[in-house]
Amino acid sequence: MIFINMKKKIAILISGRGSNMKAIVDNVKNGMLKDLCDVIVVFSNKKDAPGLVIAESFRLDTKVIESKGKKRSTYNKLLFDYLDELNPDYIILAGYMKILSSDVVQRFRNRIINIHPADTALHQGLHGYEWAFENKMEKTKVTVHFVNEGFDTGQVIAKKEVDISDCKTLEEVEQRGLAVEHVFYSECLKKILTTEHTENCRNI
Ligand code: GRF
């Protein structure tokens with residue numbers, strides 16, 4: 001009998017805290033992503049990223065290519081070669097703070113996914129929660145999207161509204177938003193891993 005393993009191989013890229021990575025790994029182990037994928041590596045461009053310690057506590061493989069102190073082209077080449085050989089089905093960005101080179105984007109087109117703490121149509125780049133807080137927004141939207149060559153400009157998979165109208169501090173906004181991210185990212189990944197047609201993801 002031929003056994004076909006339908007589980008997808010995912011590589012999670014982080015640069016820091018790793019709370020989204022932890023939420024995804026929890027769901028792979030015991031939650032909504034169980035039997036859908038395996039986390040084949042947690043990668044960081046920073047050797048002291050706290051998320052690496054979390055990944056190790058889960059006994060996951062980790063990999064570091066330190067970006068600091070390297071020319072961008074050198075780092076990009078090392079990362080491309082690493083990911084090319086690793087050959088994951090999906091690359092999941094979870095607080096990964098570097099822009100991926102176009103080589104990586106082309107090699108894994110429509111298979112790189114990011115979570116952004118704001119509506120990418122309104123705010124791109126860093127500090128999404130600060131932006132919402134400083135603009136006294138009543139609601140913000142977390143966005144999960146495919147990564148293209150632009151800066152938070154890839155095809156939107158889904159957005160989730162977060163009510164922050166009663167948040168008094170930036171910390172409250174972040175906590176409220178992250179709690180949503182931790183569930184919503186896995187919901188989006190589940191949809192992607194269980195459908196051939198990504199256009200359906202808009203209905204998440
Ligand atoms: C999250 O807010 C995510 O939306 C953004 O970076 C932050 C990463 O947080 N891309 P963590 O490292 O997952 O805790």
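The structure we're discussing is the one just above.
The following paragraphs examine the structure supplied in this document. (Residues numbered from 1 in each chain as written. Predicted model: local features only at pLDDT ≥ 70, side-chain atom pairs only at ≥ 80, totals over all residues. Heavy atoms only, no water.)

## Focus on empty space enclosed by the protein
For the record, the criterion: Both site types are read off a 1 Å grid over the protein atoms alone. A 1.4 Å probe that fits but cannot get out defines a cavity, while an open set with protein on both sides within 12 Å along at least five of seven lines defines a pocket; lining residues have an atom within 4 Å of a point. Grid points are joined across faces, edges and corners, and a volume is the space filled by probe spheres set on the points. Only DSSP runs of H or I reaching four residues or more are called helices, and only runs of E reaching two or more are called strands; each is numbered from the N terminus. Each residue gets one of three labels, nonpolar for Ala, Val, Leu, Ile, Met, Phe, Trp, Tyr, Cys and Pro, charged for Asp, Glu, Lys and Arg, and polar for the others, Gly among them.
Per the counting criterion, the structure on display carries 1 cavity of 30 Å³ or more. Approximately 30 Å³ is the volume found for the largest cavity. Along its surface, the largest cavity is lined by Ile10, Tyr90, Ile92, Ile113, Leu189, Ile192 and Leu193. Going through the elements one at a time, strand S4 (90-93) and helix H6 (170-193) are the ones with two or more residues in the lining of the largest cavity. Residue contributions to the lining of the largest cavity peak at 3 residues, all from H6. Its residues placed into classes, the lining of the largest cavity shows 7 nonpolar, no polar and no charged.

## Points about the site of the ligand
The following threshold applies: Only a single heavy atom is needed: when it lies within 4 Å of a molecule or strand, its residue is near that molecule or strand. Any N or O atom pair separated by 3.5 Å or less is treated as a polar contact, with the protein-specific requirement of one donor-capable and one acceptor-capable atom, and with residues adjacent in sequence counted only for side-chain atom pairs. Throughout, a molecule is located in a cavity or pocket provided that more than half of its atoms lie within 2 Å of its grid points.
Lining the immediate environment of the ligand, one finds Arg17, Gly18, Ser19, Asn20, Gly95, Ile115, His116, Pro117, Tyr129, Leu178 and Glu181. Contact between the ligand and Gly18: an oxygen atom at 2.9 Å from a main-chain N or O atom of the residue. A distance of 2.5 Å separates an oxygen atom of the ligand from a polar atom in the side chain of Ser19. Structurally, the ligand is housed in the largest pocket. Going through the elements one at a time, helix H1 (19-30), strand S5 (112-116) and H6 are the ones with two or more residues in the shell around the ligand. Class assignment for the residues of the shell around the ligand results in 4 nonpolar, 5 polar and 2 charged.

## Thoughts on the packing of H1 against H6
Selection criterion: As a rule, the C-alpha atoms of each element are fitted with a line to give its axis, helices using only the stretch in contact, and angles between N-to-C directions run from 0 to 180 degrees. For this classification, under 35 degrees means roughly parallel, over 145 means roughly antiparallel, 65 to 115 means roughly perpendicular, and everything else is oblique. Handedness of a crossing follows from how the near helix is turned relative to the far one, being left-handed for an anticlockwise turn of less than a right angle and right-handed for a clockwise one. Throughout, a contact is declared for two residues whenever any of their heavy atoms are within 4.5 Å.
Where H1 meets H6, the closest approach of the two axes is 9 Å, and the angle between their N-to-C directions is 50°. Here H1 lies oblique to H6, going by the angle between them. The way H1 lies across H6 gives a crossing that is right-handed. Contacts between H1 and H6 involve Ser19, Asn20, Ala23, Ile24 and Asn27 from the former and Leu178, Glu181, His182, Tyr185, Ser186 and Leu189 from the latter. Looking at the contact of H1 with H6, its residues break down into 5 nonpolar, 5 polar and 1 charged.

These figures come from the coordinates and say nothing about function on their own.
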